[in-house]
Amino acid sequence: MKKYRWQILAVLLVTFGVMLLASGCGGGGSADTVKVGVILPLTGDQAMFGTMEKNSFEMAYEELKAAGKTKVGDKEIQLLFEDDQGKQDVAKSATEKLVNQNKVAMLSGGYSSACSNVIAGSAQNMNMPFLVVTGSSDDITKSGWQYVFRGTAAPASKYTVSFWNMVDEGVVKLNNVALIVENTDFGKSSADGFRDDCAKRGINIVFDQSYEHGAIDFKPMLANMKSTNPDMIFAVSYVMDAAMIVKQMKELDFSTELFVGGGAGYTMPEFKDNSGDASEYIASTTLWVPNVAVPGAGEYFENYKNKYGKEPDYHGAQAYATMYVIADALSRANDFTSTEIQKALKETDVMTVMGPIKFEDWEGYTNQNKPNTYVVQWQKGELEVIWPEDVKSTDYVYPVPKWNER
Amino acid sequence: MELFGQTVICGILLGGMYSLIAIGMTLIMGVMKIINLAHGALVMVGMYVTYLCFTYLGIDPYIGMFIAMPVLFFIGCLIQKYMINRLVEVESILPENQVLLTVGIMLVLTEGIRVFFKSDYRSVITTYSSNTVFVGDMSINVAMLIGFFFAMLFTSLLHLFLTKTDLGKSIRATSQDRDAAVYMGVNSSKITMITFGIGSALAAAGGSLLLPLFYLFPDIGHLFTAKAFIITILGGMGSTMGAAIGGMILGIAESLGATYISMGYKDVVGLVIFILVLLFLPGGFRSLVKR
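These numbers were taken from a predicted model, which means no experiment stands behind them. (Residues numbered from 1 in each chain as written. Chains lettered and ligands numbered in written order. Predicted model: local features only at pLDDT ≥ 70, side-chain atom pairs only at ≥ 80, totals over all residues.)

Draft legend 1. Examining the interface of chain B and chain A more closely. Across the contact, 31 residues belong to chain B and 30 residues belong to chain A. Of all the secondary structure elements, the ones that give two or more residues to the side of chain B that touches chain A are α1 (2–32), β2 (138–141), α10 (240–260) and α11 (266–280) of chain B. Take the side of chain B that touches chain A: its biggest share by element is five residues, from α1 of chain B. Grouping the amino acids of the side of chain B that touches chain A by side-chain chemistry returns 13 nonpolar, twelve polar and six charged. (Contact = placed C-beta atoms within 7 Å. Helix = DSSP H or I, 4+ residues; strand = E, 2+ residues; numbered from the N terminus. Nonpolar A, V, L, I, M, F, W, Y, C, P; charged D, E, K, R; others polar.)

This is how it looks when you write it as structure tokens:
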């Protein structure tokens, strides 16, 4: 009897396998679609960001479809999502699967810098146009890769442009600063840029350390940092590390005149929710804010919130804007070969919720849009723009009151 | 000096909670002779139960823990009875391959939770979450102190249970020699079921104790599996006291590494110790006591 059971199981397994295969091939549409492969972390610990970006892609797609803009020539744009799990090896195989099996016309996506870098490298090798959504480490567009485009994301070392403007205008005065970054590609790129900018202005870096993300206890590092007495902390962290760091700073009664986050975690609604009142007065650099004076930005924010019940941050806006860039480029391409799509992308000049997008070569970067950056600060639980002066939503608070004076 | 004190105290407190998670794993490993790679996922499920109690019923996580523990005990028993025991009974499946089943269970639990809760980060913010007591200039988190206290309490209770009660003795007998235990009239499939249940309940307790301090998302289990695995090897497989000591050592080593080397090398410190123990003390700390 036992033997039979195994045979039944084997038959079931084979059937299941065939079904899987069939569904895998079934996705491949007919000849009248032009496929765009989007690689994002949909599972794993970056899945929250990946899901937000996927939702935004789909939202933009539906809007474009309603406006009849997903039909390019006689073909319909089709999005194919692949999961990279936030892992480089998976990102690589996802890229190859999309290109070789699904025969996509172009690629997009890329959340973490490490994964974006892998996708960009393989895309360039296969002459496949790749439009980066979020991956920000400098070398992605500094390797001279002609098929790699980055529109909605700034190079990591340029996130701080507005912040340094604030320093140069004499608003923020710095002598000793502390620098903590997570040890990822994005963290390293940001730290390198920050060190250069400090060196140019003669600012001392009194504490400089990287950390592994996902720690429960940041106190050893923070206690060490406290003993160096910095005026300001610049930190690059993912969202939950960011919340842990500011919470534990409060526990240690460690105050500085200013705390600036380098994008990524510090602008997320989850950061505020999880760190409670410790998030108050924390500033961050960012690439986008919903109340920025760009047409469509506010509507995107509201529509997303209504549809998915959560507030998006700049990551979602990046994906949303990228979908518009893709539709625009494909509508201008003469045919859907990679050279023509590459050419169409290169000629892009389009207005999106992230501001104007143009792919230019400058300061050693290739196909890199010139970024707009902002400095934001959490005030009374709201994320307010405090710099540049002409788009600010409220005044900055600096120096920040000490924990025991609030 | 204060920095050193701060570092060591944080290390010990955190280590205590690591121990509790690892004890669950070592117990299962001792009796079943398989590595339970789903252990971290069980911690995660336990944390979600406590989280649910907190958000929807307003139950404090330290009380929610006593709801999460029986729930996980039950889930653990079911997994053992209907999944793992079935595989153990088939002689042709080697123990190495039984481990694969635990990987499958881990994936199912993780993705199952993702279906309900998405990948969002969640945390429990209690009124005392960021309360601290100051000893000199050293700041000690209250939630960490409570967590450590509970972890030690459960460890001692488990030790008493294993050494003093009949059921505990049967568990130890099964772990020492399964066949001999069966000849002595121990119902081994019942014992393994209960052991897996207790292991899962301890995992839930460890997770719930960390909840006020930490955060929660479906993939968080990997972190705990890795830590518990290192501690189990440090302490010697199947040894509760070994796991308790191993947990503290890992906690202190990580803390010291974070303070005096760099936070970026925190995990490296733990793994270096892991390799050194495997090379020079293959039986873990337990083998030191036995000599």
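Draft legend 2. Focus on the domain arrangement of chain A. Residue and element names in this part refer to chain A. Per the domain assignment, the segments of chain A are domain 1 (31–153 + 294–368) and domain 2 (158–286 + 373–405). For domain 1 versus domain 2, the separation of C-alpha centres amounts to 29 Å. Tallying the contact residues gives ten residues for domain 1 and eight residues for domain 2. Of all the elements, helix α4 (residues 113–125) adds the most residues to the side of domain 1 that touches domain 2, at three residues. Taken together, the residues of the side of domain 1 that touches domain 2 sort by class into two nonpolar, five polar and three charged. (Domains from an automatic or database assignment.)

Draft legend 3. Focus on helix α11 (residues 314–332) of chain A. Counted at 1.5 Å a residue, the expected span for α11 of chain A with its 19 residues is 27 Å, and the 27 Å between its end C-alpha atoms agrees. Of all the 19 residues making up α11 of chain A, 17 are buried; the element is thus mostly covered by neighbouring parts of the structure. (Expected span 1.5 Å × (residues − 1). Buried ≥ 20, exposed ≤ 12 C-beta atoms within 10 Å, placed from the backbone.)

Draft legend 4. Local environment of α4 of chain A. Residues and elements named next belong to chain A. The end-to-end C-alpha distance of α4, which contains 13 residues, comes to 18 Å, matching closely the 18 Å that a straight helix rising 1.5 Å per residue would cover. Residues Ser-113, Cys-115, Ser-116, Asn-117, Val-118, Ile-119, Ala-120 and Ala-123 constitute the buried set of α4. Buried positions along α4 lie against β1 (33–40), α3 (88–101), β4 (106–109), β5 (130–132), β6 (148–150) and α6 (185–201). A positive backbone phi angle near 50° is found at Asn-127, which sits one or two residues after α4.

Draft legend 5. Structural detail: the pairing of strand β10 (residues 258–262) of chain A. All names here are of chain A. The element β10 is largely enclosed, with a buried count of five among its five residues. Side chains of β10 alternate between two faces, with Leu-258, Val-260 and Gly-262 and Phe-259 and Gly-261 buried alike. Looking at chain direction, strand β9 (residues 232–236) and β10 are connected through four bridges and run parallel. Looking at β10, one finds that Met-232 is bridged to Leu-258. Following the backbone out of β9, through helix α8 (residues 239–251) and into the adjacent parallel β10, one traces a crossover that is right-handed. Relative to strand β11 (residues 283–286), β10 runs parallel, the two sharing three bridges. Across the sheet, the residue bridging to Val-260 is Ala-283, located in β11. (Pairing = 2+ DSSP bridges. Right-handed = clockwise from strand over helix to strand, strands pointing away.)

Draft legend 6. The arrangement of the pairing of strand β13 (residues 355–358) of chain A in detail. All names here are of chain A. Direction of pairing for strand β12 (residues 349–352) relative to β13: antiparallel, over a ladder of four bridges. Each bridged residue has a counterpart across the sheet, and for Val-350 the counterpart in β13 is Ile-357. Counted between consecutive antiparallel strands, the loop separating β12 from β13 contains two residues.

Draft legend 7. Structural detail: the packing of α1 of chain B against helix α8 (residues 188–210) of chain B. Residues and elements named next belong to chain B. One can describe the packing of α1 onto α8 by two numbers: an axis separation of 8 Å at closest approach and a directional angle of 165°. Regarding the angle of α1 to α8, the classification is roughly antiparallel. Read as a crossing pair, α1 and α8 show a hand that is left-handed. Across from Met-17, Leu-20, Ile-21, Ile-23, Gly-24, Met-25, Leu-27, Ile-28, Val-31 and Met-32 in α1, the residues of α8 making contact are Thr-192, Thr-195, Phe-196, Ile-198, Gly-199, Ser-200, Leu-202, Ala-203, Ala-205, Gly-206, Leu-209 and Leu-210. Across the contact of α1 with α8, the residue classes break down as 16 nonpolar, six polar and no charged. (Axes fitted to C-alpha atoms, helices over the stretch in contact; angles between N-to-C directions. Parallel < 35°, antiparallel > 145°, perpendicular 65-115°, else oblique. Left-handed = near helix turned anticlockwise from the far one by under 90°.)

Draft legend 8. Molecular detail of unusual backbone geometry. Residue and element names in this part refer to chain A. Residue Pro-388 follows Trp-387 across a cis peptide bond; omega there is 0°. The amide bond that connects Tyr-398 to the next residue, Pro-399, takes the cis arrangement and shows omega of -10°. Among the structural elements, Pro-399 can be located in the segment after β17 (382–387). At Lys-103, a position not held by glycine, the phi torsion is positive, near 50°.

Draft legend 9. Focus on the environment of Ile-386 of chain A. Among the structural elements, Ile-386 of chain A can be located in strand β17. Taking C-alpha positions, Ile-386 of chain A is 25 Å from Glu-182 of chain A, a pair spaced 204 residues apart along the chain.

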